[in-house]
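Residues per chain, in single letters:
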Amino acid sequence: AVVSTQSTGRKRRKITGGSGKKKFTEGWIEFKRKKIARAVVAALNGNIIGGKKGSYYHDDIWSMKYLPRFKWAHLTEKLAYDAAVRRKRLQTELSQVKRETSFFLEQVDKKKQITSIKRKREEKGQSVEAATSGEPSAKQRQLASTTAKKEKSLPGSILSSVFTQ
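Right, let's walk through the structure included here. (Residues numbered from 1 in each chain as written. Predicted model: local features only at pLDDT ≥ 70, side-chain atom pairs only at ≥ 80, totals over all residues. Heavy atoms only, no water.)

Quick look at the overall build of the protein
No. 1: Along the protein, the regular secondary structure elements total six helices and two strands.
No. 2: Written out in order from the N terminus, the α and β elements of the protein read β-α-β-α-α-α-α-α.
No. 3: A buried classification covers 5% of the 165 residues belonging to the protein.
No. 4: At a minimum sequence separation of 6, the contacts of the protein that also span at least 24 residues come to 29%.
No. 5: Counting only carbon and sulfur atoms, one obtains 56% of the accessible surface of the protein, whose full area is about 15,300 Å². (Helix = DSSP H or I, 4+ residues; strand = E, 2+ residues; numbered from the N terminus. Buried < 20%, exposed > 50% of the residue type's maximum accessible area, 1.4 Å probe, protein only. Contact = heavy atoms within 4.5 Å. Areas by Shrake-Rupley, 256 points an atom, 1.4 Å probe, with all protein chains shown as cover.)

Below, the structure is given as structure tokens:
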């Protein structure tokens, strides 16, 4: 399995005149025998990749590590998990953008309604302020409990004895 760099980095390199080749950041090799895997890591780790002098990877260096008790299933599971996380993140970003867009369109529609009401009231000669205010014009009644408290206030004679001048 091989993991390449993100496509945005490749696009940026191509635009600026760099190489359009895919760049790989990491890769895995599975060996059937541990002994061979350890020998390959010992032989290649830290060495130049080499090849012909004009080769793209000629001066790059191998960086290898033997991973004990690591199974191929762990790798495929990790790659699948990373892909699922990426899809989920893109999905949440997309849903956020949809919510913002719908909110904006609702506000635009609301503004159109207010301006049309305002225009109609101006044509009729009615007050325009009632159409543009966001608050309802009706007043609320006071609760019964607050009116009862006002009636149970202390009589004036008791208060005058407490607060003498």
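Side note on a positive patch on the surface
No. 1: On the surface, Lys34, Arg38, Arg69 and Lys71 cluster together to form a positively charged patch.
No. 2: Its place among the elements puts Lys34 in helix α2 (residues 34–44).
No. 3: A relative accessible area of 57% means that Lys34 is categorised as exposed. (Patch = residues over 30% accessible without salt bridge, like charges linked within 9 Å, V, L, I, M, F, W, Y side chains within 5 Å. Salt bridge = Lys/Arg side-chain N within 4 Å of Asp/Glu carboxyl O. Lys, Arg positive; Asp, Glu negative; His and termini not counted. Charge placed at Lys NZ, Arg CZ, Asp CG, Glu CD.)

Looking at the pattern of salt bridges
No. 1: Evaluation of the coordinates by the stated rule reveals one salt bridge.
No. 2: Put simply, Lys78 and Asp82 hold a salt bridge, and the shortest N to O gap is 2.9 Å. Of this pair, Lys78 and Asp82 are both found in helix α3 (residues 72–124), four residues apart, which corresponds to roughly one turn of the helix.
No. 3: Owing to a relative accessible area of 46%, Lys78 belongs among the partly exposed residues under this scheme.

What about α3?
No. 1: Here α3 spans 78 Å end to end across 53 residues, near enough to the 78 Å set by a 1.5 Å rise per residue.
No. 2: Trailing α3 by a residue or two, Gly125 shows a phi angle of about 90°, which is positive. (Expected span 1.5 Å × (residues − 1).)

A short note on a nonpolar patch on the surface
No. 1: Nonpolar side chains collect at one region of the surface, where Phe24, Ile49, Tyr56, Tyr57 and Trp62 lie side by side and expose about 440 Å² of accessible area between them.
No. 2: Inspection of the secondary structure assignment puts Tyr57 in the loop between α2 and α3.
No. 3: Judged by relative accessible area, which is 32%, Tyr57 ranks as partly exposed.

A few points about the environment of Leu44
No. 1: Along the polypeptide, Leu44 turns up in helix α2.
No. 2: With a relative accessible area of 29%, Leu44 lands in the partly exposed category.
No. 3: For Leu44, the residues in contact, after removing those within four places along its chain, are Trp62 and Met64.

A few points about the side chain of His58
No. 1: As for its placement among the helices and strands, His58 is situated in the loop between α2 and α3.
No. 2: Here Gly51 takes part through its backbone oxygen, which lies 3.2 Å from a polar atom of the side chain of His58.
No. 3: Looking at His58, its side chain comes within polar contact range of the main-chain oxygen of Lys52, at 3.3 Å.
No. 4: Sequence-distant contacts of His58, that is, excluding residues within four places in its chain, are made with Ile48, Ile49, Gly50, Gly51, Lys52 and Lys53. (Polar contact = N/O pair within 3.5 Å; in protein donor to acceptor, adjacent residues only side chain to side chain.)

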